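# Breakdown of the fold
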Amino acid sequence: MKATAKAHPIQGLVKYHGMRDEQLRLPYHDSISVCTAPSHTKTTVEFDFEREEDTYIVDGEELEGRAKERVDDVVDYVRKTSDAPHAVYGVKLESENSFPTNVGLGSSSSGFAAAAMALANAAELEWSRPEISTIARRGSSSAARAVTGGFSHLYAGLNDEDCRSERIETDLEEDLRVVIGLVPSYKETEQAHEEAADSHMFQARLAHIHEQIAEARDALRAADFERTFELAEHDSLSLAATTMTGPAGWVYWQPATLRVFNAVRELRNEEDIPAYFSTDTGASVYVNTTDEHAEQVKETLEDCGVTSAIWQVGGPARILDESEALF
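Residues numbered from 1 in each chain as written. Predicted model: local features only at pLDDT ≥ 70, side-chain atom pairs only at ≥ 80, totals over all residues. Heavy atoms only, no water.

Per an unreviewed UniProt entry, the protein goes by the name Diphosphomevalonate decarboxylase and belongs to Natranaeroarchaeum aerophilus.

Val-45, Phe-47 and Ile-135 are the most contacted members of the largest nonpolar core, which totals 36 residues. Those elements giving two or more residues to this core turn out to be β1 (2–7), β6 (41–48), α1 (65–81), β9 (90–97), α2 (107–122), α3 (129–137) and α4 (141–148). Ranked by size, the runner-up nonpolar core spans 25 residues in total, among them Ile-32, Phe-229, Ala-232 and Trp-311. (Core = buried A, V, L, I, M, F, W, Y, C linked by side-chain atoms within 4.5 Å. Buried < 20%, exposed > 50% of the residue type's maximum accessible area, 1.4 Å probe, protein only. Helix = DSSP H or I, 4+ residues; strand = E, 2+ residues; numbered from the N terminus.)

This part covers the UniProt feature "domain: Diphosphomevalonate decarboxylase-like N-terminal" (unreviewed entry) in the protein. On the UniProt side, "domain: Diphosphomevalonate decarboxylase-like N-terminal" (unreviewed entry) is annotated at positions that read residues 7–164 here. Here residues 7–164 is 32% helix and 28% strand, with 17 Å between the C-alpha atoms at its ends. (UniProt positions renumbered as here; feature names shortened; annotations may be inferred.)

To continue, consider the pairing of β9. Pairing geometry for β6 and β9, over eight bridges, is antiparallel. By the bridge assignment for β9, Asp-48 is matched with Gly-90. Pairing of strand β7 (residues 55–58) with β9, which is carried by four bridges, proceeds in the parallel orientation. Among the inter-strand pairings, Tyr-56 is bridged to a residue of β9, identified as Leu-93. (Pairing = 2+ DSSP bridges.)

Here it is in structure tokens:
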């Protein structure tokens with residue numbers, strides 16, 4: 001009746017934008033991402049027959065409002081699909097993040113992935129990770145890819161058989177280093193997704209996204225670093241253009257974000273260093289580079305006045321044993 005799971009957040013490479021079904025969080029198109037470690041979320045779930053109401057605590061604060069509703073959607077789906085008698089009991093979910101949240105570093109992806117893994121285990125669902133990704137997707141579409149980990153592909157679809165995540169095997173995992181440029185700035189990801197289809201740029205994005213997915217998969221299979229992360233850089237610009245031209249005109253980037261963009265391009269164009277920037281919905285920047293050049297890239301970001309750290313590829317969400325499960 002109790003389980004603890006750990007999951008890593010994702011960096012979007014070919015990012016999803018907009019949902020055709022907000023309740024099931026079915027995206028309009030496919031997406032590809034890479035999980036980043038050691039950043040993680042650790043979540044413990046317990047079904048308790050003495051608990052009358054579900055309680056969700058994240059980083060020491062009890063969730064309310066829309067945040068609680070999103071977790072309710074995940075918990076209710078597990079209850080509906082589980083045959084375990086204790087799955088009807090009240091749930092206590094407690095979650096902690098090892099990295100800053102709500103700054104564009106994918107905390108909802110690792111949070112819902114860890115919750116889905118822990119809930120599935122506690123409710124005795126013997127499902128594969130692609131199947132569990134459909135649980136996580138109900139909280140966040142990006143969380144589906146955090147369940148399968150590494151480089152993963154979330155397929156668009158109208159049902160759980162089609163809209164699930166699968167791992168992409170590639171030799172890029174070992175040498176990739178992701179230098180994080182932390183630019184704290186509050187963001188509203190859910191609202192941006194809600195109005196994505198109202199941007200006049202959205203149909204243009206849909207028109208080319210399928211080719212982007214095919215190119216990204218081919219580049220990953222070939223372990224082509226330059227092609228993979230040049231594509232991710234360009235997709236970041238496409239995502240931002242669509243977001244900024246929606247009804248609310250969301251502009252997430254900050255001056256520090258642009259300083260990092262320019263510095264990364266100087267490294268690449270003037271010093272021939274393999275470095276490519278990428279952003280999700282937020283101001284913080286991922287810089288994709290190799291192990292050999294990670295420290296130099298980190299120093300460059302710090303020269304831009306940005307706090308930075310070096311991350312690497314993270315694996316799939318997993319259940320922790322008792323010794324690992326202690327908060």
